[in-house]
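Chain residues, written in single-letter form:
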Amino acid sequence: MSVLRVTELSKTYPGRRGGPAVVAASKISFAVEAGGSLGVVGESGSGKTTVARMLVGLARPDDGLVLVDDQAIHESRRGKSARLQRARAIQMVFQDPYTSLDRRLSVESCLRDVLRRHRPELSKPETVAEIGRLLDQVGLASKLAGSLPHELSGGQRQRVAIARALAVRPQVLVLDEAVSALDVSVQAKILALLNDIRASVGISLVFVSHDLAVVGEVTDRILVMYQGHDVEQNATAEILRRPQHPYTQMLLSSAPGPGRQPERVAELRAAFAGTQ
């Protein structure tokens, strides 16, 4: 059963200084199963971040629907109840945790604020216990609860951001380039953490990235975007093993690793341009 269903989501931005309009997303449709994970990949400007922002309400679509458990997350509704409805359904983890976390708040204060807003039924002792549980869930020592963001490493800050998102108990977690600012070894640990959380909690993931290798570690399916369009969508194993679209082939060939030749990338880019 699909916990998240997106139907023909579209967004166009006005051109700068009278220039042509920019199609950020054109009739993007996909579904994510309960406990499943979808990767949305593409180069900078492909529209993948716009899709992520529309899912969580940071950008308003021109057309299309976002449904969680077949219930529409209404863009037209405003006010506290509409914001809470979306927050309880979908949460987002951003690329840079240092800017997404309040620098004035300790880890404990950050999590307490979220719990007070979204789970007011918790008593003070229950809130303290829940903060401890969340820290343990993301692999952070309880002694870090009093730390400010600048006192933490990049990986630790991203774990706090994940804990903050999980505190709401959402059904879907959207991660926008959530490991791209981290060292490779730290990336691997965060990806392993996300897999563990998905397995233990059953949460669904939408993982947005430019890196197919990273997406391949945490997703069941992949949607490839180019200039606002869905050019290929398939199971992760199929995309990585037998990519059908020249643009997907180019993304794979441009990834670090043996046999990735610049000439092949140029060839595939030309082939993709010929399909437009």
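For the structure, see preceding data.
Presented here is a report on the structure given in the accompanying data block. (Residues numbered from 1 in each chain as written. Predicted model: local features only at pLDDT ≥ 70, side-chain atom pairs only at ≥ 80, totals over all residues. Heavy atoms only, no water.)

**Re the environment of Val215**
Phase 1: The topology assignment puts Val215 in helix α8 (residues 212–218).
Phase 2: Remark: the alpha-carbon pair of Val215 and Ser37, spanning 178 residues in sequence, is separated by 9.6 Å.
Phase 3: With residues near it in sequence (within four places) discarded, Val215 still touches Gly39, Val41, Phe207, Ser209 and Ile222. (Helix = DSSP H or I, 4+ residues; strand = E, 2+ residues; numbered from the N terminus. Contact = heavy atoms within 4.5 Å.)

**Focus: the sheet that holds strand β6 (residues 90–93)**
In a beta sheet, neighbouring strands are held together by backbone hydrogen bonds and run either parallel or antiparallel to one another.
Phase 1: Pairing within the open sheet is mixed, and its 6 strands lie in the order β6-β7-β8-β3-β9-β10. Two strands lie at the open edges of the sheet, namely β6 and β10 (229–235), each paired on one side alone. Neighbour-to-neighbour, the strand axes of the sheet open up by a mean angle of 20 degrees, direction not taken into account.
Phase 2: Sheet analysis places strand β3 (residues 37–41) next to strand β8 (residues 204–209), joined by 5 bridges and oriented parallel. By the bridge assignment for β8, Ser37 is matched with Leu205. (Pairing = 2+ DSSP bridges. Axes fitted to C-alpha atoms, helices over the stretch in contact; angles between N-to-C directions.)

**Overview of the nonpolar core**
Phase 1: Among the nonpolar cores identified, the biggest contains 50 residues, and Val93, Val138, Ile162, Leu166, Leu173, Leu175 and Phe207 are the most heavily contacted of them.
Phase 2: The element that contributes the greatest number of residues to this core is helix α6 (residues 154–167), accounting for 7 residues.
Phase 3: Setting aside anything within four residues of it in sequence, one finds Leu175 in contact with Val93, Leu194, Leu205, Val206, Phe207 and Val208.
Phase 4: In terms of nonpolar packing, the next biggest core, distinct from the first, is built from 28 residues, Val40, Met54, Val66 and Ile90 among them. (Core = buried A, V, L, I, M, F, W, Y, C linked by side-chain atoms within 4.5 Å. Buried < 20%, exposed > 50% of the residue type's maximum accessible area, 1.4 Å probe, protein only.)

**Concerning the packing of α6 against helix α7 (residues 184–201)**
Phase 1: Between α6 and α7, the shortest axis-to-axis distance is 10 Å and the interhelical angle comes to 20 degrees. On the basis of their axis angle, the class for α6 and α7 is roughly parallel. Crossing of α6 over α7 shows right-handed handedness. Contacts between α6 and α7 pair Gly155, Arg159, Ile162 and Leu166 from the former with Val186, Lys189, Ile190, Leu193, Leu194 and Ile197 from the latter.
Phase 2: By residue class, the composition of the contact of α6 with α7 is 7 nonpolar, 1 polar and 2 charged. (Parallel < 35°, antiparallel > 145°, perpendicular 65-115°, else oblique. Left-handed = near helix turned anticlockwise from the far one by under 90°. Nonpolar A, V, L, I, M, F, W, Y, C, P; charged D, E, K, R; others polar.)

**Digging into the pairing of strand β1 (residues 2–13)**
Phase 1: Bridging between β1 and strand β2 (residues 22–33) involves 8 bridges; their strand directions are antiparallel. Looking at β2, one finds that Leu4 is bridged to Val32.

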